[in-house]
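What the coordinates show
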Amino acid sequence: ASDISVDTNYLMFTAHYLAVIKLAIPGKIQTKIMGYVVPIFATIGSCIVIWAGFTNPFFPYFLLFCLVFVIAAYVFEKKHPEIETTTVTEEDESF
């Protein structure tokens, strides 16, 4: 059952890998290897792990459980703008 949480993490990692590619498109990540090659291979690896997770019959239930918390966190952030959140800005160009 612990493999289900790993699979869910890899699902989230895939979103991060796609964000890296989005940063590489305008040139915020300087090298093509770190901006495109590494995230593409990481995404392929994540897809393999996620595909294996689908073989567990409890995976959809755990995914739904995690999704509830992700949505709750998003709603909380929108309802409480006074709480400071951080985002990547142009000043953070240390890639």
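Read on for a plain summary of the structure.

**Notes on the environment of I44**
Inspection of the secondary structure puts I44 in helix α2 (residues 32-53). Exposure remark for I44: the relative accessible area of 44% places this residue in the partly exposed category. Considered as a pair, I44 and T14 are 30 residues apart in the sequence and their alpha carbons are 8.9 Å apart.

**Details of α2**
For α2, spanning 22 residues, the distance from its first C-alpha to its last is 31 Å, which sits close to the expected 32 Å at 1.5 Å a residue. Where α2 is concerned, the buried positions are G35, P39, T43, S46, I50 and G53. Next to the buried residues of α2 lie α1 (2-24) and α3 (59-79).

**Concerning the packing of α1 against α3**
One can describe the packing of α1 onto α3 by two numbers: an axis separation of 10 Å at closest approach and a directional angle of 50 degrees. Taken as axis vectors, α1 and α3 run oblique relative to one another. In the crossing of α1 with α3, the sense of the turn from one axis to the other is right-handed. In contact with I4, S5, D7, T8, L11 and M12 of α1, α3 contributes F59, F62, L63, C66 and V70. Across the contact of α1 with α3, the residue classes break down as 8 nonpolar, 2 polar and 1 charged.

**Here we look at the packing of aromatic side chains**
Applying the stated rule across the entire model yields 5 aromatic pairs. Measuring from ring centre to ring centre gives 5.4 Å for Y10 and F13, while their planes differ by 80 degrees; the resulting arrangement is edge-to-face. Here Y10 pairs with F13, and both are found in helix α1, just 3 residues apart, close to one helical turn. We classify Y10 as partly exposed; its relative accessible area is 28%. Owing to a relative accessible area of 33%, F13 belongs among the partly exposed residues under this scheme. With 6.3 Å between their ring centres and 35 degrees between their planes, F62 and F65 make a pair best called tilted. Here F62 and its partner F65 are both found in helix α3, 3 residues apart, which amounts to about one turn of the helix. A relative accessible area of 28% places F62 in the partly exposed class. Aromatic rings pair up to connect Y10, F13 and Y17 into one cluster.

Rules behind the numbers
Residues numbered from 1 in each chain as written. Predicted model: local features only at pLDDT ≥ 70, side-chain atom pairs only at ≥ 80, totals over all residues. Heavy atoms only, no water. Helix = DSSP H or I, 4+ residues; strand = E, 2+ residues; numbered from the N terminus. Buried < 20%, exposed > 50% of the residue type's maximum accessible area, 1.4 Å probe, protein only. Expected span 1.5 Å × (residues − 1). Contact = heavy atoms within 4.5 Å. Axes fitted to C-alpha atoms, helices over the stretch in contact; angles between N-to-C directions. Parallel < 35°, antiparallel > 145°, perpendicular 65-115°, else oblique. Left-handed = near helix turned anticlockwise from the far one by under 90°. Nonpolar A, V, L, I, M, F, W, Y, C, P; charged D, E, K, R; others polar. Phe/Tyr/Trp six-rings, centres within 6.5 Å; stacked < 30°, edge-to-face > 60°.

Any link to function would need more than the numbers given here.
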